[in-house]
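# Working through the structure, step by step
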Amino acid sequence: MDRGDIEEAGEEDFPRLGGGRYRPVVAHDRAVIEMSSVEPGSSSSPTLKNIKVVTPGELGAGAREVPRPEDGVNGHQKESKLELFGFDSLVNILGLKSMTGEQVAAPSSPRDGEDISITQGHPKPALKMGTMMGVFVPCLQNILGIIYYIRFTWIVGMAGIGQSLVLVLLCGLCTFLTTISLSAIATNGAMKGGGPYYLIGRALGPEVGISIGLCFFLGNAVAGALYVLGAVETFLKAFPAAGIFRETITKVNGTAVAEPIQSPNSHDLQIYGIVVTILLCFIVFGGVQMINRVAPAFLIPVLLSIFCIFIGIFLAKTDDPDTGITGLRFKSFRDNWSSAYQMTNNAGIPDPTGGTYWSFNDLVGLFFPAVTGIMAGSNRSASLKDTQRSIPVGTLAATLTTTSLYVISVLFFGAVATRDKLLTDRLLTATVAWPWPVIVHVGIILSTLGAALQSLTGAPRLLAAIANDDILPILNYFKVADTSEPHIATLFTALICIGCVVIGNLDLITPTVTMFYLLCYSGVNLSCFLLDILDAPSWRPRWKYHHWSLSFVGAALCIVIMFLISWSFTVVAIALASLIYKYVGLKGKAGDWGDGFKSAYFQLALRSLRSLGANQVHPKNWYPIPLVFCRPWGQLPENVPCHPKLADFANCMKKKGRGMSIFVDILDGDYYECAEEAKEACNKLATYIEYKRCEGVAEIVVAPNMTEGFRGIIQTMGLGNLKPNIVVMRYPEIWRRENLTEIPSTFVGIINDCITANKAVVIIKGLDEWPNEYQRQYGTIDLYWIVRDGGLMLLLSQLLLTKESFESCKIQLFCIAEEDSDAEALKADVKKFLYDLRMQAEVIVVTMKSWDIRSEGNSKEDSLEAFDAAQRRISDYLGEIKSQGSTPRLANGKAMVVNEQQVDKFLYTMLKLNSTILSYSRMAAVVLVSLPPPPLNHPAYFYMEYMDLLVENVPRMLIVRGYHRDVVTLFT
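Residue positions are given per chain, counted from 1 along the sequence in the order it is written. Reporting of local features is limited, given that this is a predicted model, to residues whose pLDDT is at least 70; pairs of side-chain atoms are given and counted only at 80 or more, and all residues count toward the totals for whole chains, interfaces and linings. With hydrogens and water excluded, all non-hydrogen atoms of the structure serve as input to the side-chain values.

### Focus: the nonpolar core
Counting 151 residues, the largest nonpolar core has Leu280, Leu363, Phe367 and Tyr406 as its most contacted members. Two residues form a contact once any of their heavy atoms are found within 4.5 Å. Leaving out residues up to four positions away in the same chain, Leu280 has contacts with Val228, Phe298, Leu449, Ala452, Leu453 and Leu456. One finds Val761, Phe867, Tyr908 and Met944 within the second-largest nonpolar core, a separate group that totals 61 residues. Among the buried residues, those of types Ala, Val, Leu, Ile, Met, Phe, Trp, Tyr and Cys that are joined through side-chain atoms within 4.5 Å form a nonpolar core. Throughout, exposure labels follow a simple rule: accessible area from a 1.4 Å probe, protein chains only, divided by the maximum for the residue type, with under 20% read as buried, over 50% as exposed, and the rest as partly exposed.

### Describing the packing of aromatic side chains
What counts as a ring pair is set by centres within 6.5 Å for rings of Phe, Tyr and Trp (its six-membered ring), and what kind of pair is set by the plane angle: stacked under 30 degrees, edge-to-face over 60, tilted for all other angles. Enumeration over the complete set of coordinates arrives at 34 aromatic pairs. Through a chain of ring-to-ring contacts, three or more aromatic side chains come together here, namely Tyr148, Tyr149, Phe152, Phe367, Tyr406 and Phe413. Across from the ring centre of Trp154, 4.6 Å away, lies the NZ or CZ of Arg151, which sits over that ring. The rule is short: NZ of Lys or CZ of Arg within 6 Å of the ring centre and within 35 degrees of the ring normal puts a charge over the ring.

### A few points about the pairing of strand E11 (residues 760–765)
To qualify as a helix, a DSSP run of H or I must reach at least 4 residues; to qualify as a strand, a run of E must reach at least 2; elements of each kind are numbered from the N terminus. Within E11, six of the six residues are buried, which leaves the element mostly enclosed by the surrounding structure. Burial along E11 is two-sided: Ala760, Val762 and Ile764 facing one way and Val761, Ile763 and Lys765 facing the other are all buried. When DSSP finds two or more bridges between two strands, those strands count as paired. Bridge count for strand E10 (residues 726–730) against E11 is five bridges, and the pairing is parallel. By the bridge assignment, Arg730 is partnered in E11 with Ile764.

### Let's talk about unusual backbone geometry
With an omega of 5 degrees, the peptide bond running from Trp434 to Pro435 counts as cis. On the secondary structure map, Pro435 appears in the loop between helix H15 (428–432) and helix H16 (438–468). Positive phi, close to 50 degrees, is recorded for Asp535, a residue that is not glycine. Here Asp535 lies in the loop between helix H18 (509–534) and helix H19 (548–565). Its identity is not glycine, yet Arg693 carries a phi of approximately 55 degrees, on the positive side. Among the structural elements, Arg693 can be located in the loop between helix H23 (671–691) and strand E9 (696–703).

### Focus: the confidence of the model for the protein chain
As a general rule, the predicted coordinates of low-pLDDT regions are not to be interpreted in detail. The predictor attaches a confidence to each residue, and that confidence, scored 0 to 100, is pLDDT. Per-chain confidence: the protein chain averages 79 in pLDDT, with 80% of residues scoring 70 or above. Taken together, the stretch residues 93–123 has pLDDT below 50 and engages in 70 contacts with residues farther than four places along the chain or on a different chain. pLDDT under 50 marks residues 252–257. Its contacts with residues more than four places away, or in other chains, come to ten contacts.

### Quick look at the side chain of Asn336
Mapping Asn336 onto the fold places it in the loop between helix H11 (330–335) and strand E5 (343–344). Any pair of N or O atoms that falls within 3.5 Å is considered a polar contact. Within protein, one atom must be able to donate a hydrogen and the other to accept it, and sequence-neighbouring residues count only if both atoms are side-chain atoms. A distance of 2.7 Å separates a polar atom in the side chain of Asn336 from the backbone oxygen of Gly414. Side-chain polar atoms of Asn336 contact the backbone oxygen of Ala417, separated by 2.9 Å.

### Overview of the packing of helix H10 (residues 288–315) against H16
For the pair H10 and H16, the least separation of the axes is 8 Å and the interaxial angle reads 145 degrees. Crossing of H10 against H16: the hand is left-handed. Contact with H10, carried on its side by Val288, Ile291, Val294, Ala295, Ala297, Phe298, Pro301, Val302, Ser305, Cys308 and Ile309, involves Ile439, Val440, Gly443, Leu446, Ser447, Leu449, Gly450, Leu453, Gln454, Thr457 and Arg461 of H16 and no other residues of that element. Amino acid classes used here: Ala, Val, Leu, Ile, Met, Phe, Trp, Tyr, Cys and Pro are nonpolar; Asp, Glu, Lys and Arg are charged; the rest, including Gly, are polar. Split by residue class, the contact of H10 with H16 holds 15 nonpolar, six polar and one charged. Inter-axis angles, ranging from 0 to 180 degrees, are taken between N-to-C directions of lines fitted to C-alpha atoms, where helices are fitted over the stretch in contact. It is the rotation of the near helix from the far one that decides the hand of a crossing: anticlockwise by less than a right angle makes it left-handed, clockwise makes it right-handed.

### Digging into the packing of helix H9 (residues 266–285) against H16
In the contact formed by H9 and H16, the axes pass within 10 Å of each other and the chain directions differ by 55 degrees. Accordingly, the angle class assigned to the pair H9 and H16 is oblique. As H9 runs across H16, the sense of the crossing is right-handed. Taking contact as the criterion, the partners of Val276, Thr277, Leu280, Cys281, Ile283 and Val284 in H9 are, on H16, Leu449, Ala452, Leu453, Leu456 and Thr457. Split by residue class, the contact of H9 with H16 holds nine nonpolar, two polar and no charged. Orientation labels follow simple angle bins: below 35 degrees gives roughly parallel, above 145 gives roughly antiparallel, 65 to 115 gives roughly perpendicular, and whatever is left gives oblique.

### Description of the pairing of strand E7 (residues 626–629)
Every second residue of E7 is oriented toward a common face, with Pro626 and Val628 on one face and Leu627 and Phe629 on the other, all of them buried. The pairing of E7 with E10 spans three bridges and is classified as parallel. Looking across to E10, one finds that Leu627 is bridged to Val727. In the sheet, E7 pairs with strand E8 (residues 661–668) via three bridges, with the strands oriented parallel. Residue Val628 lies in a different strand from E8, and its bridge partner there is Phe663.

Below, the structure written as structure tokens:
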């Protein structure tokens with residue numbers, strides 16, 4: 001469809017867009033002028049060939065609206081006032097949505113390589129819920145359960161009014177403090193689905209979040225089965241004729257006359273329970289809209305039944321409507337004030353020969369499920385219009401409402417009946433209800449079904465939220481889109497619920513479910529406590545009524561209640577959460593959510609860094625912090641950013657893995673051109689370090705050349721006393737065949753920079769032969785100690801012995817001395833020094849003659865040949881420079897002054913030292929020798945000749961130079 005076709009179509013053929021009719025674009029339009037004025041190479045310039053104009057028949061109802069041409073290229077105002085900044089305005093709603101992590105439609109302005117379509121309409125938004133239906137009603141339905149109807153009066157009779165008030169206030173305080181913490185975290189930013197899992201995971205990390213989240217999911221799923229069984233059992237007791245398998249079991253109760261107690265058959269419970277679970281699942285499958293329609297139908301009769309109970313209490317009189325009912329009497333209130341803990345049978349009826357003795361701790365475990373359910377609203381966080389308003393207001397209102405109801409009920413129940421009546425009539429609420437007891441039966445059934453509905457609604461969304469975070473691959477089957485219903489997760493939850501219903505006897509599982517709830521509540525409180533006490537700049541919750549001390553008390557109270565209920569089930573719940581935590585750590589994908597632990601680590605690091613100060617570290621606290629220079633002096637395999645053995649050697653410099661290495665490399669080029677390439681190389685290097693299991697960080701520096709880059713690194717890398725103190729690099733064995741000028745100059749420049757910056761140096765010769773952790777070495781570790789280095793060479797040898805690959809080796813210390821020195825006295829002094837340092841080593845003193853070559857008439861022929869070859873190469877190098885006609889100068893611009901006698905002396909020194917090493921250490925596992933500094937006014941080429949003579953025929957050598965600081969100490 002070309003431009004002519006558009007013009008021929010006419011205005012009436014195009015739909016209305018943005019409230020007006022579509023006007024074909026013409027050449028003089030402002031949008032066309034602005035688009036044509038953009039530079040072709042600009043990344044923001046729209047490409048006209050990528051713009052696709054759709055015919056009216058192709059316009060879909062669900063397509064997104066496109067701004068009118070007169071609105072400008074990007075759909076903003078006609079003229080951008082912020083063009084200088086090069087970005088869209090911050091108030092652009094797409095930008096703000098992208099900050100919250102929501103999935104938003106693509107911007108209307110086309111980008112390179114994209115097609116846009118002129119379409120009509122908006123996607124249909126997902127139905128969102130408000131505070132009342134989204135939070136308050138679900139929480140109220142989950143909290144008001146079967147315990148209030150059939151066990152609350154019994155609890156008042158057993159614990160008395162006084163301790164019942166303590167019990168209610170204790171459990172209510174726990175949920176109230178948890179609600180305060182939940183409100184603070186939920187109002188600290190946009191919140192996705194997952195409720196408490198999302199909050200805990202973002203505060204304490206993915207491992208803790210998933211472990212507690214999965215336990216909470218399991219608790220919700222099993223709690224749904226408990227509610228279903230409670231509803232079915234109440235129904236079958238109210239209507240015994242509905243049972244398929246009828247069975248009457250007579251039990252002796254605590255009344256004067258034994259009465260038969262009819263108990264539903266377990267098969268009836270299973271059949272009806274499965275049917276009810278399936279029906280509830282169909283409601284859940286209907287989505288949020290269906291749940292919103294059904295929830296009031298469950299809640300209104302419950303509230304009506306509670307109202308009828310209180311009307312019946314006010315209308316009750318002595319022995320009316322049943323024996324033991326006193327009406328509201330102060331005498332009953334006074335008699336029921338104290339506790340009456342005693343033995344009961346399995347049905348809870350007082351029996352001196354019964355097998356169960358009840359205490360306050362047992363009642364805590366029995367009553368606490370009556371206050372759970374405060375997370376029902378936050379479980380639906382993805383379906384709420386405004387989570388930052390709905391979750392605090394709705395949850396707090398539900399918590400205070402139910403707690404007030406419980407407190408008032410304790411007072412009225414304790415004053416309306418005798419203690420015997422409270423303990424023997426399990427359905428006292430139905431007995432006193434006005435006008436008919438059946439109202440309470442209906443209330444019990446609907447309250448438990450409503451709680452079951454909320455459990456089956458919240459649990460799948462919780463599981464889907466965990467799966468959507470893509471931490472555990474095993475949960476990928478439960479992933480859903482943001483606006484979709486978690487059908488697979490709902491089906492899985494239903495299967496768990498049906499499985500528990502089939503089991504029927506959940507006495508052993510019920511306490512564990514309570515523990516899962518308490519574990520979740522303690523996680524929420526700990527999350528708020530950590531975020532509040534760290535007080536990071538991002539911690540700005542809208543809910544201001546919180547304090548870290550309240551969260552701490554809430555977490556401690558949750559843990560105390562867990563142990564009050566049952567220490568054994570507490571251990572089981574914590575063990576299960578720990579197993580999940582370990583599994584997530586092993587199998588889960590890495591995720592950085594900016595959790596509180598990372599903030600705590602950061603603040604701890606800052607405090608530790610400040611406490612270290614800038615003073616010199618004491619030798620007892622000295623740790624090697626190697627700066628590993630990754631430049632290979634040669635070729636590496638593809639996609640390998642660092643020599644593999646450099647990481648192995650860096651691990652050898654740490655005792656039991658404690659320490660940190662800094663891996664650096666230099667990217668030659670211009671920073672503005674290579675910035676993105678440097679980031680990519682840094683990520684690749686960091687990944688490789690992690691793969692090699694080496695604790696360290698990666699840094700890539702862009703510089704014009706290696707010398708300038710390393711000079712910048714050595715001056716600025718690190719903070720305070722956490723600056724690198726040892727530079728580790730490979731010896732450039734390829735320098736002679738690769739580059740005779742650049743490599744020597746760079747290598748010598750690096751050594752001089754380290755000496756100037758007072759950094760120790762370790763140069764590895766034979767890096768390809770360095771053993772990994774699985775290659776065990778035998779023989780000796782030989783140290784040729786020539787100069788004072790602060791004990792670094794001795795310390796390195798001890799660190800090598802701590803590794804499995806070198807633990808079978810022994811240390812030999814060779815002291816190089818002049819001919820006229822006292823060898824025995826030197827040996828005794830060194831032995832005493834090693835003894836005080838707690839180091840085991842064999843000491844050998846090697847005396848060498850004067851460094852005059854003419855006095856060495858009996859030198860071996862091969863040594864003289866090596867010496868002569870080095871002399872010839874140096875002479876040729878000097879002749880080549882002199883032939884250029886100018887005064888030879890060094891890299892720093894100074895004139896080159898060559899003392900041939902001094903050059904010969906240095907050559908011979910290295911040759912003699914190499915001969916000594918080959919004589920004593922040919923079978924050594926590794927040789928450590930002192931690094932001579934580059935002589936002043938000597939070219940870098942000369943120094944490389946000296947070093948080549950030193951390392952000749954030695955397969956594995958560490959050339960070490962310390963710095964003016966002791967790293968070992970004699971004193972404790």
